[in-house]
Amino acid sequence: MGRRERGKVDKRRRIMAAARTVFGEKGYDAATLREIAERADVAIGTLFIYATNKRDLLMMIVNDELDEISKTPQAPPESGHDVVDDLLAFFRQRYEFWVDDPELARAAMREMNAPYVESTEIGIELLRGLRRRAQIVECVAHILRMRSAIDNITYADDLDVVAWFLTDIYLSEVRLWLNDERPTVEGGIGRLRRMFALATTGVVRPPLEVFLT
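Residues numbered from 1 in each chain as written. Predicted model: local features only at pLDDT ≥ 70, side-chain atom pairs only at ≥ 80, totals over all residues. Heavy atoms only, no water.

## With respect to the packing of helix α1 (residues 3–26) against helix α4 (residues 54–69)
Stated precisely, the cut-off is as follows: Every angle, taken between N-to-C directions, lies between 0 and 180 degrees, and every axis is a line fitted to C-alpha atoms, over only the stretch in contact when it is a helix. In DSSP terms, a helix is any run of H or I states spanning at least four residues, a strand is any run of E spanning at least two, and both are numbered starting from the N terminus. Angle categories are assigned with fixed cut-offs, so that under 35 degrees is roughly parallel, over 145 is roughly antiparallel, 65 to 115 is roughly perpendicular, and the rest are oblique. Residue contacts are counted whenever heavy atoms from the two residues lie within 4.5 Å of one another. Residue type decides the class: Asp, Glu, Lys and Arg count as charged, Ala, Val, Leu, Ile, Met, Phe, Trp, Tyr, Cys and Pro as nonpolar, and the leftover types, Gly among them, as polar.
Between α1 and α4, the least distance of the axes is 10 Å, while the angle of their chain directions is 105 degrees. Classed by the angle they form, the pair α1 and α4 counts as roughly perpendicular. Residues Arg12, Ile15, Met16, Ala19, Arg20 and Phe23 of α1 form the contact with α4, whose own contacting residues are Lys54, Leu57, Leu58, Met60, Ile61 and Asp64. For the contact of α1 with α4, the class distribution of residues is eight nonpolar, no polar and four charged.

Next comes the structure, spelled out in C-alpha cells:
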C-alpha cells in the first residue's frame, strides 16, 4: 500500500474512532459532524469525502463487521439440529454484535430502517447497510437449502420468499429486543427461537377429531 492509500486508511480509521467516541459521549442525535471532525483532527470537508452525512458516519462504524458476519455460512448444518437451530446459530452473531453497544445499535437500526429516506440522503455507507438485507436473505436461503438436503424438507412457498419472511421476523424482533433497557443475547435469541418455531410449524393446530379419524 502506497503512502497516499495508507493516509486514506488512517483518516478513515480516525474518523470512525472519533464518531464512535462522540456518539458515545453525546448520543447520536446530539452529536455534530464538526465535533467529530475536530476529534478526528481532519477538516470538515475531508469528513464529507468519507461520509455524506451523520447517518453515513454511523453506518461506517457498523458496516465492516456486519458485512463480515453476514457472509454465507460455509459449514454444513450440525447433526441433531433442526432448521431453527441453524437459523439461530447464524443470527446469534448479530445479537452478540449489537449487544456490545445498545445505544449505538438502536440508532443504527433506526437509521437503516427509516422510512422514505430521500435518495439524496443515501450515502455509500447507508447503501451498504441497505444492500446487506438482501445478503442476509441469501444466507438464510442457503441455510434452508442445506437443511432441506439433509432432512428432506419441503417449503410451503418459494425458498427465497420463505427466506425473506424469516429475515423480516429477525428484523422486527431485533428492534423490539433493543428497546429493552438492558438487552441480553440469550433473551433476544430465546424470543427469536419462539418466533421461528411458530413460523416453521404454523400457528393453527387441527382440531382433535382430525387425529381421531
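## Re a nonpolar patch on the surface
Quick note on the threshold: Like-charged residues within 9 Å of one another, or nonpolar side chains (Val, Leu, Ile, Met, Phe, Trp, Tyr) within 5 Å, are grouped into patches, provided each residue has over 30% relative accessible area and no salt bridge. For every accessible area listed, the method is Shrake-Rupley and the probe measures 1.4 Å; residues are considered covered only by the protein chains on display. Between Lys or Arg on one side and Asp or Glu on the other, a salt bridge is scored when a side-chain nitrogen of the former is within 4 Å of a carboxyl oxygen of the latter. For every residue, the accessible area obtained with a 1.4 Å probe (protein chains only) is divided by the maximum for its type, and the residue is called buried under 20%, exposed over 50%, and partly exposed between those limits.
A surface patch of nonpolar side chains, about 200 Å² in accessible area, is lined by Ile122, Leu127 and Leu130. Position of Ile122 among the secondary structure elements: in the loop between α6 (102–112) and α7 (124–151). A residue is classified by how much of its surface remains accessible, and Ile122, at 31% relative accessible area, is partly exposed.

## As for the packing of aromatic side chains
Put simply, the rule is: Stacked, tilted and edge-to-face are the three classes assigned to paired rings of Phe, Tyr and Trp, where Trp is represented by its six-membered ring and a pair needs centres within 6.5 Å; plane angles under 30 degrees give stacked, over 60 edge-to-face, the rest tilted.
For the structure on display, the rule yields seven aromatic pairs. Here the aromatic rings of Phe23 and Tyr28 are separated by 5.2 Å at their centres, their planes lie at 65 degrees, and the arrangement is edge-to-face. Comparing Phe23 with Tyr28 shows no difference in burial state: the two are buried.

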